[in-house]
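Fold and geometry: a report
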Amino acid sequence: MKKIVKCILAITLFAGFASCEDEQDLVYSSPEGSFDILSPVSGEGIVLSPDTPTNPGLSLTWSAMNYGADTQVTYDVQVDKSGDDFDTPITLTSTTNTYASVTSDALNGATAAAGLAPFSQGGLEVRVRATVGTTGSQESFSTVITYLVTPYSTDLPKLAVPGNHQGWNPPTAPTIASSAFGETDYEGFLWLDGGFKFLSPDAAGNFNWGTTDWGDDGTFSGVMADGGGETDAQAAAGYYRVRANTTTLLYTVEPMSWGIVGAATPGGWGGSTPLTYNATNKTWEGDMTLTAGEFKFRANDAWTVNFGGDPDGDGSMNYDGPNLVAEGGNFHVVLDLSNPRKYTYSLNAN
């Protein structure tokens, strides 16, 4: 009988030790309620600028979350578009401090992910999430504030041009771009072959059927139409400068072949040395011997459409821009017009 009692006692003690061993992995704390964001206050905000990307975009302070024990707390600063109730919260930064600063560039990226429109004031809901332990247990949240943000975009608004030339597949269609945000004068250079349309992006900036699309009004005189009454615009197989204006509802497709002209080129200023279109790279290319001197790129062996230097420093050659300069030698010349309104060239020594 004594042996049986000893066995029962041993089993009981072992179970107790096992329970204690398991509890060593738990946090001995009890949340005592939420905590407060101290600054900024709800309704404050900022106008972000691409000129100051490293400036503070959001500086927060908050009271410490009291878990009733001396344990390290991790805080995550989270945002979401006002009214979305943090259904898909975006974490800006994590810290063990009770303050944090987020750069303008990082905050601007978060506004885009949250769905705020560039150059228009929108509301971000801001909260701080507190957790303890390496597994992020004992989750608790701060009070929520609304932070008013005017974000920016350095990307030019674009339209896709799906059509027979690429299988009518919007996600892979070439694009045309407007001259600035808020402008509707879209332009780009691309290969067409038969029917095509113009397609606007969705709210996330992606191209898929279901958004507004424009075709021809049926007269094939350069007038755009949408709303189901349009027909496919048409172009014979070839390379074109494509322009479309969604305000005036006019579009043009101008056939163009490209060459290089100038004192540095084989033909001098009297005639363009033609380049050949590379459909794989979507560039105009040619191998030639250049002499030290000036040159430009021009379309259709005429001066109506030509590109020179980039005096405004926006990363694109300018229409009628200043003469470019080449060193003497054998070069593979590449003219890249595939990125709308970001037109570039390269001279690669052979």
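Up top is the structure.
Residues numbered from 1 in each chain as written. Predicted model: local features only at pLDDT ≥ 70, side-chain atom pairs only at ≥ 80, totals over all residues. Heavy atoms only, no water.

Focus on the layout of surface pockets
As a volume, the largest pocket reaches approximately 650 Å³. What lines the largest pocket is a set of 25 residues, among which Pro118, Phe181, Ala203, Ala204 and Gly205 lie closest to the centre. Contributions of two or more residues to the lining of the largest pocket are made by helix H2 (104-114) and strand S10 (158-160). No other element matches the 3 residues that H2 contributes to the lining of the largest pocket. Among the residues making up the lining of the largest pocket, the classes are represented as 16 nonpolar, 6 polar and 3 charged. Reported here for the second largest pocket is a volume of approximately 290 Å³. If you trace the second largest pocket, you find 14 residues lining it, with Pro174, Leu190, Trp191, Tyr277 and Lys282 closest to the centre. It is strand S12 (residues 185-196) that provides the largest number of residues to the lining of the second largest pocket, a total of 3 residues. Broken down by class, the residue content of the lining of the second largest pocket amounts to 8 nonpolar, 5 polar and 1 charged. (1 Å grid on protein atoms, 1.4 Å probe; cavity = no way out; pocket = protein on both sides within 12 Å on 5 of 7 lines; lining within 4 Å. Points joined across faces, edges and corners; volume = space filled by probe spheres on them. Helix = DSSP H or I, 4+ residues; strand = E, 2+ residues; numbered from the N terminus. Nonpolar A, V, L, I, M, F, W, Y, C, P; charged D, E, K, R; others polar.)

Some details on the packing of aromatic side chains
What the rule picks out here adds up to 22 aromatic pairs. Relative to Phe181, the ring of Phe119 lies with its centre 4.7 Å away and its plane at 55°, an arrangement referred to as tilted. Placement of the pair is Phe119 in the loop between H2 and strand S7 (122-132) and Phe181 in the loop between strand S11 (175-177) and S12, with a sequence separation of 62 residues. The class for Phe181 is partly exposed, based on a relative accessible area of 40%. Ring centres of Phe295 and Phe297 lie 5.7 Å apart, and the angle between their planes is 85°; on these two criteria the pair is classed as edge-to-face. In this structure Phe295 comes out as buried when scored by relative accessible area, which is 0%. Overall, Phe297 belongs to the buried group, its relative accessible area being 0%. An aromatic cluster is built from Phe189, Trp191, Tyr239, Trp258, Tyr277, Trp284, Phe307, Tyr319 and Tyr343, whose rings are joined through pairwise contacts. Directly above the aromatic system of Phe86 lies the positively charged group of Arg127, at a separation of 4.1 Å from the ring centroid. Positioned above the aromatic ring of Trp303 is the side chain of Arg298, whose terminal nitrogen or guanidinium carbon lies 4.6 Å from the ring centre. (Phe/Tyr/Trp six-rings, centres within 6.5 Å; stacked < 30°, edge-to-face > 60°. Buried < 20%, exposed > 50% of the residue type's maximum accessible area, 1.4 Å probe, protein only. Lys NZ or Arg CZ within 6 Å of the ring centre and 35° of its normal.)

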